[in-house]
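# Summary of the model geometry
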Amino acid sequence: MPDIKDQLHAVWLCFQIPIPTYGERLLEDGAETFLKLRKDVLGNTPTIVVFTKHDRLVTFTRQKKRGDPESEKQYLQEFCIQPIQQFTGDKAIAHIAVSSKPKYERSLEGLIRLTQDKVSESFTSSGNQVSAVPLAAAGAQRMLPTLKVDLSIDVGKQKYWRALGSSANFPGYTMQDCLRVIHIDIVTVWNYYDPCRYLYSDEFVRMMMNMVKTVDSPPGSTQQLSRSDSLAGGGVPLIALAPIVLPLKAFAALGGWAYETYQRLQGFHTKFMAYIVDLTHVLEILFSLAASIRAKKLTRRAIKLAYNAYDGSEWMRLTHTDIKSFQCWSAARDAVLDKITSMISSDDREARVSRAIEGVRGGMPVDLEEDEEWIVQAVSQ
């Protein structure tokens, strides 16, 4: 069996949507032959027919049939979908119309989702386990953070989240050891281009653990020590190349809780819940920020900005308040899993990510391709 990276996971068959009045055809002779033989060539590999340049069709149908919202769908069915179904003899063949033009981003997102669904259906593992192929497919895509979040949940379910409320996992290990295992699994799913492994570093793990310890702070208290960084929120002017200074607590001593064994620490489930949810939210913010790096390697500067964007934000405060108010009974082990899932999968994640980034950037550009040390001197204002 070849390595996962050497396997064919899915095939996109791309055809430009034809406009007959322009003398265009959907299928050339070679394409027709391939479609007829695709089962012999590809076997059970998921195949998706992608109709491209959807924007041209929208413009064409609006000019020809003004005020008819169904004309576009009828055109696709008659000139694209039906011919493909006839040539393949497959009425259920997966298909989607897309465009790379602005305002059509949702169609590309739909293509990614459809591909992930078909890969998940075709490559399954016994025992309801997450297969390595869908895991690789979700990790490779760079458009939909929600797929990575969903996959994180699936991986967590099959490994250890289901028993977090009963301390059945990690017997005899310290909380620091346990959280590092969880950290590695979650970061791996996101599959950032991180050749220096900054996301796996002791420094980043320590930053996340210090964020998590605020979940137990008394109501009304503030664990947000003042920070003198040049990229703070509240409308502070930003300098694109100014170093990003982390809050003072980021590298503070962890405290005794980190070295307690899993079974002995009172309220251990709140630390696990906060770590899983906080880390996922920071990675979501980083996903949005990393889009501006244009496929270059991840920098500590980008990670620090994502951390600062979430740390102390309304999103984090609401998350920690929700976790503190959660009542966990060991007899209901799945209650913790259900709570984590609901907090990670909230419908307003995209809006929260945008607000968190806006809060720390203030609308100003920041160069995230330049790297810098984890700890830097503050820039005088």
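Residues numbered from 1 in each chain as written. Predicted model: local features only at pLDDT ≥ 70, side-chain atom pairs only at ≥ 80, totals over all residues. Heavy atoms only, no water.

### Some points on the packing of helix 8 (residues 202–212) against helix 10 (residues 300–310)
Angle between the axes and distance between the axes: these two values describe a pair of packed helices. With their axes 12 Å apart at the nearest point, helix 8 and helix 10 run at an angle of 0° to one another. Taken together, the axes of helix 8 and helix 10 lie roughly parallel to each other. Where helix 8 approaches helix 10, its residues F204, M207, M208 and M211 are matched on the opposing element by I303, Y307 and Y310. A breakdown of the residues in the contact of helix 8 with helix 10 according to their chemical character gives seven nonpolar, no polar and no charged. (Axes fitted to C-alpha atoms, helices over the stretch in contact; angles between N-to-C directions. Helix = DSSP H or I, 4+ residues; strand = E, 2+ residues; numbered from the N terminus. Parallel < 35°, antiparallel > 145°, perpendicular 65-115°, else oblique. Contact = heavy atoms within 4.5 Å. Nonpolar A, V, L, I, M, F, W, Y, C, P; charged D, E, K, R; others polar.)

### Topic: the environment of I340
Following the sequence through the fold, I340 ends up in helix 12 (residues 334–344). By relative accessible area, which is 0% here, I340 ends up buried. Spatially, the C-alpha atom of I340 lies 9.6 Å from that of F272, the residues being 68 residues apart in sequence. (Buried < 20%, exposed > 50% of the residue type's maximum accessible area, 1.4 Å probe, protein only.)

### Notes on the nonpolar core
One finds Y192, L199, F204, L283, I285 and L286 to be the most contacted residues of the largest nonpolar core, which totals 64 residues. Elements represented by at least two residues in this core include exactly helix 6 (145–159), helix 7 (175–190), helix 8, helix 9 (268–290), helix 10, helix 11 (314–324), helix 12 and helix 13 (349–361). When residues of this core are assigned to their parent elements, the largest contribution, 15 residues, is made by helix 9. Each residue touching F204, except ones within four places of it in the same chain, is listed here: H183, Y198, L199, L279, V282, I303 and W374. By size, the runner-up hydrophobic cluster in this structure holds 21 residues, among which are I17, I19, V49 and I84. (Core = buried A, V, L, I, M, F, W, Y, C linked by side-chain atoms within 4.5 Å.)

### Re the pairing of strand 2 (residues 47–52)
Within strand 2, five of the six residues are buried, which leaves the element mostly enclosed by the surrounding structure. With six bridges connecting them, strand 1 (residues 11–16) and strand 2 associate as parallel partners. Note that in strand 2 the partner of V11 across the bridge is T47. Two strands pair when backbone bridges link them, and strand 2 and strand 3 (residues 94–97) are joined in this way by four bridges, in the parallel orientation. Residue pairing for strand 3: I48 is matched across the bridge by A94. (Pairing = 2+ DSSP bridges.)

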